[in-house]
Amino acid sequence: MRKLAILTFLTMDGVMQSPSSPDEDRSGDFEGGGWAAPFWQDVMEQVQREAMNEPYDMLFGRKTYQLFAGHWPEAEDSGPARIMNRARKFVATRTMDELTWSPSEKLSGDLVTEITDLKASNGPLLQVHGSWQLIQLLAMHNLIDEFRLWTFPVVAGSGKRLFQETGSLSGFVLKKLEATQSGVVMSIYDR
């Protein structure tokens, strides 16, 4: 049995939409994209140390997979890039026929059943990066074992929120808390 962890960046008001750039995700007429960019150096060092230095498999929604597949295969062969490029990637999609970032596997049936089966299989941690719609599904079905959250000192006002459409989540316990020099707070919660 393996755990499933969410790794996401949030504003103080819970928005996780489009942290990297203005054009990352403009759905819902979101104009606040790129809100995390001024903090990247501090944060990415912490993310690499706390969440990306151990082997893991990745679980993506289609849009986040496409964003990552457009960057990581060509990234410098550093520790995080090496781990991400070698990790097995499971992609929840009904519209993509070809997955170009190898090794990748398409999940297109009953996602709750397929992800439950993945969690029951042998292997490393399953880590979800971004993937807002997928996170909503995982939360509704209580499939999340750990939240790895980075909260940025920014208020977006509108946008896709981490806990927008969740069902009832079981309780979580704070496992680790640490702030960067720039005021971004990492909080890791375990079931």
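Starting from 1, residues in each chain are numbered consecutively following that chain's sequence as written. pLDDT decides what is reported in this predicted model: residues at 70 or higher carry local features, side-chain atom pairs at 80 or more are listed and counted, and totals for whole chains, interfaces and linings draw on all residues regardless. Computation of side-chain values: all heavy atoms of the structure, hydrogens and water removed.

A. The arrangement of the side chain of lysine 160 in detail. A run of DSSP states H or I qualifies as a helix once it reaches four residues; a run of E qualifies as a strand once it reaches two. Both are numbered from the N-terminal end. Here lysine 160 is to be found in the loop between β6 (146-152) and β7 (173-179). Here a polar contact means two N or O atoms within 3.5 Å. Within protein one must be a hydrogen donor candidate and the other an acceptor candidate, and residues neighboring in sequence count only if both atoms are side-chain atoms. Looking at lysine 160, its side chain comes within polar contact range of the side chain of serine 27, at 3.1 Å.

B. Spatial organisation of helix α2 (residues 62-69). Remark: exposure states derive from per-residue accessible area (1.4 Å probe, protein chains only) relative to the maximum for the residue type, with buried under 20%, exposed over 50%, and partly exposed in between. Every buried residue of α2 is listed here: Thr64, Tyr65, Phe68 and Ala69. Viewed end-on, α2 has its buried residues packed into an arc of 130°, placing them on one side of the element. The contact criterion used is simple: two residues touch if any of their non-hydrogen atoms lie within 4.5 Å. Its buried side turned inward, α2 meets β2 (56-61), α3 (79-86), β3 (89-92), β4 (104-107) and β5 (125-129). Read the arc as the range of directions from the helix axis to the C-beta atoms.

C. Spatial organisation of the pattern of salt bridges. Salt bridges are defined as contacts in which a side-chain nitrogen from Lys or Arg sits within 4 Å of a carboxyl oxygen from Asp or Glu. For the structure shown, the criterion picks out 17 salt bridges. Across the pair arginine 49 and glutamate 50 runs a salt bridge, and its minimum N-O distance is 3.2 Å. Judged by its relative accessible area of 19%, glutamate 50 is buried. A salt bridge links lysine 119 to aspartate 145; the shortest N-O distance between them is 2.8 Å. Within this pair, whereas lysine 119 is found in helix α4 (residues 111-120), its partner aspartate 145 is found in the loop between α5 (132-140) and β6, the two being separated by 26 residues in sequence. Under the relative-accessibility criterion, lysine 119 is labelled buried at 7%. For aspartate 145, a relative accessible area of 12% gives the class buried. Connected through salt bridges with shared partners, the residues Lys3, Glu146, Arg148, Lys175 and Asp190 form a single ionic network.

D. Inspection of the sheet that holds β5 at higher detail. One requirement defines pairing of two strands: DSSP has to find at least two bridges between them. The eight strands are arranged β4-β3-β2-β5-β1-β6-β8-β7 in an open sheet whose pairing can be described as mixed. This sheet does not close on itself; its edge strands, each paired only once, are β4 and β7. Within the sheet, the average angular offset between the axes of one strand and its neighbour, ignoring direction, is 20°. Two strands pair when backbone bridges link them, and β6 and strand β8 (residues 185-190) are joined in this way by six bridges, in the antiparallel orientation. Residue pairing for β8: leucine 149 is matched across the bridge by serine 187. What counts as an axis is a line fitted to C-alpha atoms, over the stretch in contact for a helix, and the angles between N-to-C directions run from 0 to 180 degrees. Sheet contacts for helix α1 (residues 40-51): β1 (4-11), β2, β5, β6, β7 and β8; angle to β6, the most-contacted strand, approximately 165°.

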